[in-house]
Structures are given as C-alpha cells and as structure tokens.
Amino acid sequence: MQEPTHLPAKMLENPPIPASMKPIESVLIIGHGDIAVRQSPTYQHWFKEGVEVHCADVEASKLDDCIGRAFKYILPDEKQKLAAFGANYFDLLLVNNVPELHLATALEFSPFAKQIVIQKPQDLNFPFIRTIATAKGFEDFRSKAKIFDHYRNKGAVPALLSVLPMLNTDYGQFRRLMFFLTESKSVNDEIDRVGSLECGMIQDLGVHLLDLFLECISVGVKWRDNSQSDQWHQRVGIELKIVACPKYRMQNSHLGDKVETFAALDIEVTEHIEFPVGSKHAKIRHHTFDTLIVVGKGLTIEQGVKGDLKVVVAEYERNGYNAQIDLTTQGTLGIDPYLPLGGQEINRHHGGLNRPLLLISPNPPEHALTGLGGIDYQQWQDLTFAQYVATYVEEASRLQNGTYMDAYPFQRPLGDQIRELAAKGKVRSRWGDLKPLTGYLSNAVRPGLYML
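Residues numbered from 1 in each chain as written. Predicted model: local features only at pLDDT ≥ 70, side-chain atom pairs only at ≥ 80, totals over all residues. Heavy atoms only, no water.

**Here's the deal with the sheet that holds strand 5 (residues 90–95)**
Spatial ordering of the open sheet is given by 4-3-2-5-6-7, a layout of six strands whose pairing is parallel. On the outer flanks of this sheet lie strand 4 (71–74) and strand 7 (145–148), each paired with one strand and no other. For this sheet, the mean inter-axis angle between neighbouring strands, taken without regard to orientation, is 20°. Note that strand 5 and strand 6 (residues 113–119) share five bridges and pair parallel. Along strand 6, the bridge assignment pairs V95 with I118. Contacts from helix 3 (residues 40–48) reach strand 2 (26–30), strand 3 (52–57) and strand 5, with the element oriented near 150° to strand 2. (Pairing = 2+ DSSP bridges. Helix = DSSP H or I, 4+ residues; strand = E, 2+ residues; numbered from the N terminus. Axes fitted to C-alpha atoms, helices over the stretch in contact; angles between N-to-C directions. Contact = heavy atoms within 4.5 Å.)

Given below as structure tokens:
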C-alpha cells in the first residue's frame, strides 16, 4: 500500500480568475476528430461573427467534414503555410488531437498563437507534464497555455462548488465523496475513438473526475462554524492515498487484454482544518473521509436499468445528508435551497464543450452568458493544477491487479460490480453499503435549446 501524497496548500488553492481573453478574431484548431464535430455550434458562431477558422490534422480524411469557411491544412506537410502567418498571428490555438500528443502539439505550435487551450485536464505523459509545469525556460508557454475540462464547465458544477462551504456549516464535514462516470455504450461501438480509448478509462474518463474531486477539496476554502457564529474553519492542507484501484476489461474488447474499460479508485483523504481561523488559540485538526471514483464503458446502472451514470455525490457527517449533481441532465439534489434563485441560475443549456469557447467569442450568444459558470467563472485551469491531476492518474495506473485483468460482460450492472468489489476486498468493504445507484439519477429534463 502506497504512502499518501501530500499536496501543499499553495498548489491546490484556486488561482485568481485571469483577465478575460479579448474576443478572438482568428483560431487554429489542431485535430479535427469527434470532439471537433461536437463543437460545430461554436464554429458556426465564429463564422457568423467573421472569425477566421483554420483546421489542421495529420489525416486528410478528418478534414472532410470541416464546416463553413474553414481553411484546411494537412500536417506536417503544410505546417509552413501556418508558419507563414507569423508569430502570434492566431488569437487562439485549440488543441483537440489524441491525448498523448496534447502537450507536445501545444509546444510545437505555441509560437503561432497568443493563447492556447488544451482539451482535457492533461495528457498521458506525466514526467513531461511535470517538467513543462515547473521547469525554468517555459514561463512564456505556461502563461499562454490553459487546460479545458468540459466536465467542470457543466452548469451544475459551479453551483455545487459555490454551496459546499455552506453545506459544511449546516451539515459538518464530508463523510464520503463519490464520483461516477460510466456509459452504457460499448467500447466496441466506438471504433472511431480508438485513439482516445486505447489509453484506458482512467485516462479517458478518470481525469475528469479527479479534476472535479480536487476542485471539491480545494485548500483555502473556509466555512462558518454554524449559521450564527463568527468563527470560521479553513481547510489548510490535504493528504490523499489511493488505497486500491481494481481494473477490468469488457469481454471481447477490441482494445485488447491490457486496456481497462472499467476502474474504481478507492481513495482515503485526510484534510487538515484550522479552527478558529485567525485566532491566537487556533489549532489544526485532522479529518479523514473516503472517496470513490468509478469510470467505465458497457455498463448498465442496476439490474434492468440501462443508461449512463454521471453524477457527483457528497455525503456529510450529520444525518447522512447528501448533496448531488447529475452531469447528464444538470439536475441537482440538496443544493438548490443554498442558491439565491433556488437553482434557476444553473445554466442547463450547455454540456460544457461549447460554452467556454462561445464566451471568448465576439458577441457571445445570450444562452451562453446566463447563469452560473458564465463570463466571471474561471473557464480554464493552469498547468500546475493539471500536473496534480496527472499525478493521481499516474499513481492509479501503476497499481496492478496481478498478472491477468478479469473481464465483465457487456451491460454488466454497475451496482452489482461495486458490491462484488467490496465483498471480495478489491475495494474497502465500506463501499458495499451504497443504496441503489438509480437513487443518484435526476429526473430533470434538458431544455429545448441544448448543446454539448
């Protein structure tokens, strides 16, 4: 069992919101695969507002469905055409290619652009990320580069983050945190996404949940002792230990025997809390709670209940109070009373992939501007934060099952899978008492106007 990793406060404090980018006039997009197709509403808005859109890919066929007036380039042969525009010609470089090439691509094309946005919390090359995030000589690149995790830009996420301190006041410390991101679709039905899937579920989906997890336990957060008190608690440090990380593969997976299509990260968290903050009598206490992160493909939710499970659940020490958000529908439970408009301020028109890009566009549409997560929300993260996501991905990936990775059948019920893991000691037994996972679903309905 590994030793806990200590995260210094300064590394997990949310950095101040950077000055908003000026509305962009020219964009260079590297990689025109599935994610670019899903961002087509943004490109349509750019064309309407006169933004130059330049798309480049190493495969000519990927550029066949470029929409509108996009300029197309096949790499590496036509890289010189892009270089001819001159240094910093493009207002934005958007890196959309396969995960293992994210950072290398951003570095290669960084001289061409004033700002760089890299999809996902990080890529696969942890030592490379650590070097670029910390080494001298890369300051200019770090000032340009931002990380774009579309899950943290879903409307319910800023709502949850904004109320967590108030929930700490009313219901105490965390008892458990749970993050689920599982899909009913089989990896064998996504042959076109092999470039992303062959890195495994921890890298493909787990990075998003680790990112949200670190946001939920940010160091520096303060909450009142109770609603009438003028004394405050403050999280001043965090220690994390991945206790277990069983990995499985779906039977007959086209990804092969060594690529997991399911993983469960069982994490022990110790938070260091100062109380009363600012008092000469202040002391540090240590509170330990548990976290479960589950990712996978080809799973149902429970017996007879098909569908995806994309939720975040926070359990508190008082009365087993739950706060939860559904990342598919943007539905919420247990947080609306703490929002000024009772939840009406949650923007349910967006799934996160398009909204941040629309907000830095000329004349952002009204449906992107309204609600939490808008123009004043920190749309991107810096490389330092991405480095810590990468740290835990690396640690989870190193934990081995043994010599053979067990398989599960397509449409395996997730609830049964977790209960079996707890019963067999592959995660701690405390995860065997989860209520039926259908209880975490929201019945919220997406509005008529909705984009990914």
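Now that the structure is up, let's keep going.
**Side note on the packing of aromatic side chains**
Taken as a whole and judged by the stated rule, the model has 14 aromatic pairs. Taken together, a centroid distance of 5.1 Å and an interplanar angle of 90° make the contact between Y89 and F90 edge-to-face. Under the relative-accessibility criterion, Y89 is labelled partly exposed at 28%. Its relative accessible area of 0% is what places F90 among the buried residues. (Phe/Tyr/Trp six-rings, centres within 6.5 Å; stacked < 30°, edge-to-face > 60°. Buried < 20%, exposed > 50% of the residue type's maximum accessible area, 1.4 Å probe, protein only.)

**Regarding the environment of D336**
Assignment of secondary structure puts D336 in the loop between strand 17 (332–333) and helix 11 (355–359). Separated by 176 residues in sequence, D336 and L160 have C-alpha atoms that sit 9.2 Å apart. Not counting residues up to four positions away in its chain, the partners in contact with D336 are G342, G343 and I346. Here the side chain of D336 touches T332 through a polar contact of 2.6 Å, side chain to side chain. (Polar contact = N/O pair within 3.5 Å; in protein donor to acceptor, adjacent residues only side chain to side chain.)

**Examining the confidence of the model for the chain**
Overall, the predicted model of the chain reaches an average pLDDT of 90, with 94% of residues at or above 70. Note that residues 14–20 has pLDDT below 50 and, in this model, nine contacts with residues that lie over four places away or in other chains. (pLDDT = per-residue confidence, 0-100.)

**A word on the packing of helix 10 (residues 201–216) against helix 13 (residues 383–398)**
Two elements in contact, helix 10 and helix 13, have axes separated by 9 Å at closest approach and are oriented at 125°. Considered as vectors, helix 10 and helix 13 are oriented oblique to each other. In this structure, the crossing between helix 10 and helix 13 has a hand that is right-handed. Where helix 10 approaches helix 13, its residues I202, Q203, V207, L210, D211, L214 and E215 are matched on the opposing element by F385, Y388, V389, Y392, V393, A396 and S397. Looking at the contact of helix 10 with helix 13, its residues break down into ten nonpolar, two polar and two charged. (Parallel < 35°, antiparallel > 145°, perpendicular 65-115°, else oblique. Left-handed = near helix turned anticlockwise from the far one by under 90°. Nonpolar A, V, L, I, M, F, W, Y, C, P; charged D, E, K, R; others polar.)

**A short note on the side chain of K144**
The topology assignment puts K144 in helix 7 (residues 139–144). For the buried K144, no salt bridge is present, and the opposite-charge side chain at shortest range is D140, 4.3 Å distant. Engagement of the side chain of K144 in a polar contact is seen with the side chain of N88, the distance being 3.1 Å. (Lys, Arg positive; Asp, Glu negative; His and termini not counted. Salt bridge = Lys/Arg side-chain N within 4 Å of Asp/Glu carboxyl O.)

**Thoughts on the state of the cysteines**
This model, assessed by the stated rule, comprises zero disulfides. No disulfide involves C216; its sulfur sits 19 Å from that of C245, the nearest cysteine. The exposure class assigned to C216 is buried, which follows from its relative accessible area of 7%. (Disulfide = S-S within 2.5 Å.)

**Concerning the environment of R398**
Here R398 lies in helix 13. Sequence separation between R398 and C245 is 153 residues, and the spatial gap between their C-alpha atoms is 9.2 Å.

**Looking at the pairing of strand 13 (residues 283–297)**
Of the strand pairs in this sheet, strand 8 (residues 174–183) and strand 13 are connected by eight bridges, and their pairing is parallel. If you follow M178 over to strand 13, its bridge partner there is L292. The pairing of strand 12 (residues 262–275) with strand 13 spans 14 bridges and is antiparallel. Its bridge partner lying in strand 13, E271 is registered against H287.

**Description of the side chain of T261**
Along the polypeptide, T261 turns up in the loop between strand 11 (247–250) and strand 12. For T261, a relative accessible area of 0% puts it in the buried group. Excluding residues that lie within four positions of it along the chain, T261 makes contacts with V187, M201, Y248, R249, M250, S253, L255, V295, G296, K297 and Y408.

**What to know about the nonpolar core**
In this structure, L167, F180 and F213 are the most contacted members of the largest nonpolar core, which totals 81 residues. When residues in this core are grouped by element, the largest group, ten residues, is from helix 10. If we skip the residues at most four places from it in the chain, F180 touches L209, V294, L309, K310, V311, L414, I418, L434, L437 and Y440. I30, F90, F112 and I129 belong to the second-largest nonpolar core, a separate cluster that totals 26 residues. (Core = buried A, V, L, I, M, F, W, Y, C linked by side-chain atoms within 4.5 Å.)

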